[in-house]
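Here are the chains, one letter per residue:
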Amino acid sequence: MIVMIKGNVGYPITLDPTVWIFDDRKVELEHAFIEKEEGETSTSIFHKPPVNRSISKMEGEEYLKNSYVIPLHDFLNNAEPKKDAREIEFIKSSGENEKISLEDAKNGYLLFSLEGKPLFEDGPVHFYDKDGSNKDNPIKFIKEIHVH
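First, a word on scope: everything that follows refers to the structure included in this document.

What counts and what doesn't
- Residues numbered from 1 in each chain as written.
- Predicted model: local features only at pLDDT ≥ 70, side-chain atom pairs only at ≥ 80, totals over all residues.
- Heavy atoms only, no water.
- Helix = DSSP H or I, 4+ residues; strand = E, 2+ residues; numbered from the N terminus.
- Buried < 20%, exposed > 50% of the residue type's maximum accessible area, 1.4 Å probe, protein only.
- Areas by Shrake-Rupley, 256 points an atom, 1.4 Å probe, with all protein chains shown as cover.
- Salt bridge = Lys/Arg side-chain N within 4 Å of Asp/Glu carboxyl O.
- Polar contact = N/O pair within 3.5 Å; in protein donor to acceptor, adjacent residues only side chain to side chain.
- Contact = heavy atoms within 4.5 Å.
- Phe/Tyr/Trp six-rings, centres within 6.5 Å; stacked < 30°, edge-to-face > 60°.
- Lys NZ or Arg CZ within 6 Å of the ring centre and 35° of its normal.

A few words now on the overall build of the protein chain. Each helix and strand in the protein chain was counted, giving 3 helices and 10 strands. When the helices and strands of the protein chain are placed in sequence order, the string is β-β-β-α-β-α-β-β-α-β-β-β-β. In the protein chain, which comprises 148 residues, the proportion classed as buried is 42%. Counting every atom, the protein chain has about 8,900 Å² of accessible surface; 49% of that belongs to carbon and sulfur.

Laid out in structure tokens, this is it:
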């Protein structure tokens, strides 16, 4: 259940969505598309993942019942798309690949856990636009992210 980012990048990388449940950058799906209220202090959600942080029993129980997304931004930046890169093609196991702009991809989320379970049947990840416009119809069956 890995996802490759490759193509017009400086560094092809391999992503393992099964470990993201321990990543502080994850966001509950139902909170991902809610705009922060004006005046609320904002900290960047694009920070480094924790190192050797243990989780409480209560957190572990929450992880097993909630759905989570993670911003695609950091992963794409780590792959270092080349200056002429303009779009992303989601290579899908269903064979019906989809393209979006690189900028839209950087602003989107990858769903990796649905009700506490990995996306075995139509995953390993789904892509959601930042504004939630495709919330009812995300891009599914993503097995590779190819930068063009």
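Let's pick the thread back up.
Moving on, we come to the pattern of salt bridges. When their charged atoms lie close together, side chains carrying opposite charge are able to pair. Applying the stated criterion across every chain yields a total of 6 salt bridges. Here Glu98 makes a salt bridge to Lys92, at a shortest N to O gap of 2.8 Å. A relative accessible area of 32% places Glu98 in the partly exposed class. Assessed through its relative accessible area of 8%, Lys92 is described here as buried. When salt bridges that share partners are traced, they join Asp23, Arg25 and Asp74 into one network.

Take the side chain of His126 next. If you trace the backbone, His126 turns up in strand E9 (residues 125–128). Assessed through its relative accessible area of 3%, His126 is described here as buried. Within the structure, His126 has its side chain in polar contact with the side chain of Asp122 (distance 2.9 Å). With residues near it in sequence (within four places) discarded, His126 still touches Tyr109, Leu110, Leu111, Leu119, Pro138, Ile139, Lys140, Phe141 and Ile142.

Now for the packing of aromatic side chains. All told, the structure shown has 6 aromatic pairs when counted by the stated rule. Ring centres of Trp20 and Phe75 lie 5.0 Å apart, and the angle between their planes is 20°; on these two criteria the pair is classed as stacked. Placement of the pair is Trp20 in the loop between strand E2 (13–15) and strand E3 (27–28) and Phe75 in helix H2 (residues 73–79), with a sequence separation of 55 residues. This pair shows no difference in class: Trp20 is buried, exactly as Phe75 is. With a centroid separation of 6.4 Å and 20° between ring planes, the pair formed by Tyr68 and Phe112 is classed as stacked. Linking Tyr68 in strand E4 (residues 68–71) with Phe112 in strand E7 (residues 109–114), this pair joins segments that are 44 residues apart in sequence. The two residues Tyr68 and Phe112 agree in class, both being buried. Here the aromatic cluster, defined as three or more aromatic residues joined through ring pairs, consists of Trp20, Tyr68, Phe75 and Phe112. The ring of Tyr68 carries the charged tip of Lys26 above its face, separated from the ring centre by 5.7 Å.

The next thing to look at is the environment of Glu28. With respect to the element layout, Glu28 can be found in strand E3. Overall, the relative accessible area of 24% leaves Glu28 in the partly exposed class. With near-sequence residues (within four places) excluded, Glu28 lies in contact with Asn66, Ser67 and Tyr68.

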